[in-house]
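A structural walkthrough
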Amino acid sequence: MIYLYNIIKDVDLVYSLSDYKEENNMKKLLIFLTGILFTLLSCSGTDDRSSVQDSFEKSMNNLQSGNFIMKSSESQKKLFSEAYKKMTYKVIEVTKEDEKNILIKVQIRIPDLSGIDTETENAVREKRKKMGISESDKEVQEIIINSYHKKLLSADLKYNNKIITVKYIKKGNEWYLAPDDTELWNMLRLGTEVSLKMDF
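The number of helices and strands found in the chain is six helices and six strands. Classification of the 200 residues of the chain by burial places 25% in the buried group. Here the analysis covers contacts within the chain between residues at least 6 apart in sequence; of these, 66% occur between residues at least 24 apart.

In structure tokens form, the structure reads like this:
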């Protein structure tokens, strides 16, 4: 009887230890899952900000590497490609205003080709007119682009160094550069009056 009692006692002890281990594992699992849930909840906004920042930086890197589509002449695209290679930028801060708007505060340093404007264009037209040379608007535009290119390669090239705020908006599940974000587009025009139409 004593022997049987000891067996039963040992069996009870084994089951008790098994229950204890199972209960302990369940507690650990609950703590682990609670930690994951807390992390996901606290980082839900961070994921959007990171995603938008990655998208913005990819677009800027595409410009720097010349990997963009520009609806213009080859000479104009070449000009802007060379200028964007000289561009630098630094993201300072990414702020989520609400569920539909994210702002990127960024410092951009980019070549400034201002100075060759409509007055220069008019001067070119007048000079060619006096020489008795007729030209199309496309030909005049090419002359202006060449002037911009010379300035881009000059030793005294100036830069526009400015901190701007770039706005992204959410449509559905995707984030897009706000169409009315004029600050960024003004800098990408390099100080020229060229109308930019590009995908990057």
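To continue, consider the sheet that holds strand β5 (residues 174-177). With respect to topology, four strands assemble into an open sheet ordered β2-β3-β4-β5, the strand pairing being antiparallel. Here the strands that pair on one side only, and so sit at the sheet edges, are β2 (88-98) and β5. Taking the axes of each pair of neighbouring strands and ignoring which way they run, one obtains an average angle of 25° across the sheet. Here nine bridges tie β2 to strand β3 (residues 101-112), and the two strands are oriented antiparallel to one another. Bridge assignment links Lys 96 to a residue of β3, and that residue is Ile 102.

One turn of an α-helix holds 3.6 residues; hence residues three or four places apart share an orientation. End to end, helix α3 (residues 74-85) covers 17 Å across twelve residues, agreeing with the expected 16 Å (1.5 Å per residue, within 8%). Gln 76, Leu 79, Phe 80, Ser 81, Ala 83 and Tyr 84 are the residues of α3 that are buried.

The predicted model of the chain has a mean per-residue pLDDT of 76, with 66% of residues at 70 or higher. Confidence scores differ between elements of the chain, with helix α1 (residues 2-42) showing the lowest mean pLDDT of 47 and β3 the highest of 96. Here residues 1-11 scores under 50 on pLDDT; set against residues more than four positions off or in separate chains, the count is zero contacts. Contacts for the low-pLDDT stretch residues 32-44, under 50 throughout, to residues beyond four places or in other chains number zero contacts.

Between β2 and β3, which pair antiparallel and follow one another directly, the connecting turn spans two residues. Two elements, β3 and strand β4 (residues 158-171), share twelve bridges in a ladder whose sense is antiparallel. Each bridged residue has a counterpart across the sheet, and for Ile 104 the counterpart in β4 is Val 166.

Let us now look at the pattern of salt bridges. Any two side chains of opposite charge can pair if their charged atoms end up close together. Applying the stated criterion across every chain yields a total of three salt bridges. Here Asp 48 and Lys 96 are joined by a salt bridge, their closest N and O atoms 2.6 Å apart. Remark: Lys 96 occurs in strand β2 and Asp 48 occurs in helix α2 (residues 44-65); sequence separation between them is 48 residues. With a closest N to O distance of 3.6 Å, Lys 96 and Glu 99 form a salt bridge. The exposure class of Glu 99 is exposed, given its relative accessible area of 54%. Through salt bridges with shared partners, a single network forms among Asp 48, Lys 96 and Glu 99.

About the criteria used
Residues numbered from 1 in each chain as written. Predicted model: local features only at pLDDT ≥ 70, side-chain atom pairs only at ≥ 80, totals over all residues. Heavy atoms only, no water. Helix = DSSP H or I, 4+ residues; strand = E, 2+ residues; numbered from the N terminus. Buried < 20%, exposed > 50% of the residue type's maximum accessible area, 1.4 Å probe, protein only. Contact = heavy atoms within 4.5 Å. Pairing = 2+ DSSP bridges. Axes fitted to C-alpha atoms, helices over the stretch in contact; angles between N-to-C directions. Expected span 1.5 Å × (residues − 1). pLDDT = per-residue confidence, 0-100. Salt bridge = Lys/Arg side-chain N within 4 Å of Asp/Glu carboxyl O.

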